Amino acid sequence: MSILRKKIIAGNWKMNKTATEARQLVADIVEELGTFDQADIVLCPPFTAIPACADALEGVTNLILGAQNLHQEKSGAFTGEISGAMLRDLFCRYVIVGHSERRQFFGETCAIVNAK
């Protein structure tokens, strides 16, 4: 007997959409998807749009909020970074780590990705 895991579809918005634009995009996605539940759909907006997206997803059960990155430390003097606890507090359930752009442009290594 094999148990199939539900598929995950994640949308990474990269460095696009203001919080206002993101709220409208989420509303459009919610309307378009209706009650689709054949996969876990994860929306990964920029950090600045996460609270607006969380608000727009309130009461929506078939879309999940995610983030595009996180820092490997729990806290500290890491200006501009964000921790897993901070993301969890904003209702993010997923985080993209090991993205090719993070490796190419920011020099992230397998060791850093593993620490995250």
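As the structure is a computational prediction, the values presented were derived from the model and not from experiment.

Calculation rules
Residues numbered from 1 in each chain as written. Predicted model: local features only at pLDDT ≥ 70, side-chain atom pairs only at ≥ 80, totals over all residues. Heavy atoms only, no water. Helix = DSSP H or I, 4+ residues; strand = E, 2+ residues; numbered from the N terminus. Buried < 20%, exposed > 50% of the residue type's maximum accessible area, 1.4 Å probe, protein only. Phe/Tyr/Trp six-rings, centres within 6.5 Å; stacked < 30°, edge-to-face > 60°. Lys NZ or Arg CZ within 6 Å of the ring centre and 35° of its normal. Core = buried A, V, L, I, M, F, W, Y, C linked by side-chain atoms within 4.5 Å. Right-handed = clockwise from strand over helix to strand, strands pointing away. Pairing = 2+ DSSP bridges.

Engineer: Explain unusual backbone geometry to me, please; I cannot follow it from the model alone.
Structural biologist: Negative phi values dominate among residues other than glycine, just as trans dominates among peptide bonds. Phi is positive for Lys-17, close to 80°, though the residue is something other than glycine. Here Lys-17 lies in the loop between strand E1 (7-12) and helix H1 (19-33). Given the relative accessible area of 40%, Lys-17 is considered partly exposed. Phi at Phe-91 takes a positive value of approximately 75°, unusual for a residue other than glycine. Its location among the elements puts Phe-91 in the loop between helix H3 (84-89) and strand E4 (94-95).

Engineer: Looking at this structure, I do not really get the packing of aromatic side chains. What am I missing?
Structural biologist: To describe a pair of aromatic rings, you give the distance between the ring centres and the angle between the ring planes. Counted according to the given criterion, the structure contains zero aromatic pairs. Residue placement shows Arg-102 over the ring face of Phe-106; its charged tip is 4.1 Å from the ring centre.

Engineer: Looking at this structure, I do not really get the nonpolar core. What am I missing?
Structural biologist: Across soluble globular proteins, nonpolar side chains show a tendency to be buried alongside one another. Core analysis: the largest hydrophobic core is formed by 17 residues, its most contacted members being Leu-43, Cys-53, Leu-65 and Leu-87. Within the residue set of this core, elements represented by two or more residues are H1, strand E2 (39-44), helix H2 (50-56) and strand E3 (63-67).

Engineer: Looking at this model, I keep getting lost on the environment of Met-86. Mind explaining?
Structural biologist: As for its position among the elements, Met-86 is in helix H3. The class for Met-86 is partly exposed, based on a relative accessible area of 45%. Each C-alpha atom, one on Met-86 and one on Arg-23, is 20 Å from the other, the two residues being 63 residues apart in sequence.

Engineer: Explain the pairing of E3 to me, please; I cannot follow it from the model alone.
Structural biologist: Each regular strand displays side chains that alternate between the two surfaces of the sheet. Along E3, five of the five residues are buried, which leaves the element largely enclosed by surrounding structure. Alternating residues of E3 divide into Leu-63, Leu-65 and Ala-67 and Ile-64 and Gly-66, and every residue in both groups is buried. With H2 bridging E2 and its parallel neighbour E3, the resulting β-α-β unit is right-handed. The pairing of E3 with E4 spans two bridges and is classified as parallel. Its bridge partner lying in E4, Ala-67 is registered against Val-95. In terms of handedness, the path from E3 via H3 over to E4 forms a crossover that is right-handed.

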